[in-house]
Amino acid sequence: MAKMEDRLDKLEARLDEINNQMMDPAVLSDRRTMAKLGREANELTPIVDTYNEYKKTRDSLAEAKELSKDHDKEIREMAMMEIEELEPLLQEQIDKLELLLVPTDPNDSHNAFMEIRGAAGGDEANIFAGDLFRMYNKYAESKGWKVEVSDAEDSEAGGYSLICFKVTGQHAYGTLKFESGSHRVQRVPKTESQGRIQTSTATVLCYPEIDEEDFDIDMNDLEIETMRASGAGGQHVNKTDSAVRIIHKPTGIIVKCQDGRSQHENRATALATIAARVKEEHQREIDAKNESERKMKVGTGDRAEKIRTYNYPQNRVTDHRIGYNVNQLDRIVDGRLEDLMQALSLADQKAKLAGESI
């Protein structure tokens, strides 16, 4: 425990240092530095707060143990009662600190880019992709996050064959990163006249926005095209070449942005998006070369390859990675995801402690 306390003392000192730096006028005027320090402070605050609670409990327990040796019987009895209460509390705080000290992904504090595609199931898969987008949009609203759609391909039957968007908010990527994968829905489609249950899927990809200084893409590797935007977006959209498509030639990654108010805005969004996508792809290749057990995030979208199932007849949601079951599908699709997100985060922390991954 002494080693952990030494580490926690250093983190507490670092948080004090950050708070002092953020009051420096020179730092206050530097938006990028303020953003970095703010993210680091947000990561450290829950650790330091828990550490302070632990220290109070530790000191109270030491005092109670001392009083348990008092010559006065009544004082000894009261001290023993306090010890019985404080010992499990202290262990609970130690367990929490151990989890909080698990190394985190440095991208967790970043904003997130997300892509949802209808996969197996035709029109119903696209409708389901639209349902997932609304679910994440409502969840983002409840967190005070901002959602900006950069591209959308509407489906005639409803929903989207593809929708791309950015989620801006504290710890957005760290919260949403577990959503990458194939999502399966079981329900009677609106287009089904016989009332038969159909299984369809949509794939979700989540990746972090990266800092500007990490935009290390060689511009010679990019093929940038402009075109007229399609679909809703304002009167100007179909009159000017405002949409931007960028192809990263070495990887074949394609990003299209058309929902901005100008070509300049769409170009900036597309460059930021493709930089994040390329970095994500490079990391995946590194993990594969190191024979990591990390699975491909999205997969093929096949019905059997799923991370989560949304079963409408039974009003049940099942996350297959952690064995999470809840008969509150109506609440989940309405964006009330906090319990599920916390369960995934806790399972990830425990898995990391065991040297595994969820």
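In what follows, the structure referred to is the one given above.
This structure is a prediction, so every number in the text was calculated from the model and none was measured.

### Section: the sheet that holds strand β8 (residues 253-257)
Here three strands make up an open sheet; going across it, the order is β6-β7-β8 and the pairing antiparallel. The open sheet has two edge strands, β6 (222-227) and β8, and neither has a second partner. With strand direction ignored, the average angle separating the axes of adjacent strands in the sheet is 15 degrees. For strand β7 (residues 243-248) and β8, the ladder comprises five bridges, and the chain directions are antiparallel. Paired with I246 across the bridge in β8 is V255.

### A look at the side chain of R308
Looking at where R308 falls in the secondary structure, it is placed in strand β9 (residues 308-311). Accessibility expressed as a relative area gives 0% for R308, which makes it buried. Looking at R308, its side chain comes within polar contact range of the side chain of Y310, at 3.1 Å. When near neighbours in sequence (up to four residues on either side) are disregarded, R308 contacts Y136, E179, S182, H183, R184, V317, T318, D319, H320, R321, L340 and L344.

### What about the pattern of salt bridges?
Going through the model one piece at a time under the given rule, you end up with 21 salt bridges. Across the pair R58 and E5 runs a salt bridge, and its minimum N-O distance is 3.2 Å. Taken as a pair, R58 in helix α3 (residues 31-67) and E5 in helix α1 (residues 2-21) lie far apart in primary sequence, 53 residues in all. The partner of K352 in a salt bridge is D348, with the nearest N and O atoms 3.2 Å apart. Placement of the pair is K352 and D348 together in helix α9 (residues 338-353), with a separation of four residues, close to one helical turn. Looking at D348, the relative accessible area reads 11%, which means it is buried. Because the salt bridges share partners, they merge into one network encompassing E124, D131, R134 and R187.

### A word on the nonpolar core
One broad rule of soluble globular proteins: the nonpolar side chains tend to lie buried together. Ranked by internal contacts, the top residues of the largest apolar core, which has 34 residues, are I116, L132, Y136, L176 and Y310. Every element with two or more residues in this core is listed here: β1 (112-118), α5 (123-143), β3 (160-168), α6 (172-176), β5 (198-208), β11 (324-326), α8 (329-333) and α9. Among the elements that line this core, the one with the most residues is α5, at eight residues. Leaving out residues up to four positions away in the same chain, Y136 has contacts with M114, I116, F165, L176, E179, H183, V204, R308 and L337.

### What about the sheet that holds β5?
As a general point, the strands of a sheet are linked pairwise by backbone hydrogen bonds and lie either parallel or antiparallel. One open sheet holds the eight strands; their spatial order is β2-β3-β1-β5-β4-β9-β10-β11, and the pairing between them is mixed. Looking at strand neighbours, the two that pair on one side only are β2 (146-154) and β11, the edges of this open sheet. Neighbour-to-neighbour, the strand axes of this sheet turn through a mean angle of 15 degrees, independent of strand direction. Bridging between strand β4 (residues 181-187) and β5 involves seven bridges; their strand directions are antiparallel. Along β5, the bridge assignment pairs H183 with A202. Against the sheet, α5 engages β1, β2, β3, β4, β5 and β9, with an angle of about 45 degrees to β5. α9 contacts β9, β10 (316-319) and β11 of the sheet and is inclined by roughly 165 degrees relative to β11.

### A short note on the pairing of β5
With nine of its 11 residues buried, β5 lies for the most part within the structure. When β1 meets β5, the two strands line up antiparallel, connected through seven bridges. Its bridge partner lying in β5, F113 is registered against Y207.

Quick notes on the rules
- Residues numbered from 1 in each chain as written.
- Predicted model: local features only at pLDDT ≥ 70, side-chain atom pairs only at ≥ 80, totals over all residues.
- Heavy atoms only, no water.
- Pairing = 2+ DSSP bridges.
- Helix = DSSP H or I, 4+ residues; strand = E, 2+ residues; numbered from the N terminus.
- Axes fitted to C-alpha atoms, helices over the stretch in contact; angles between N-to-C directions.
- Buried < 20%, exposed > 50% of the residue type's maximum accessible area, 1.4 Å probe, protein only.
- Polar contact = N/O pair within 3.5 Å; in protein donor to acceptor, adjacent residues only side chain to side chain.
- Contact = heavy atoms within 4.5 Å.
- Salt bridge = Lys/Arg side-chain N within 4 Å of Asp/Glu carboxyl O.
- Core = buried A, V, L, I, M, F, W, Y, C linked by side-chain atoms within 4.5 Å.

Shape is all these values report; function is a separate question.
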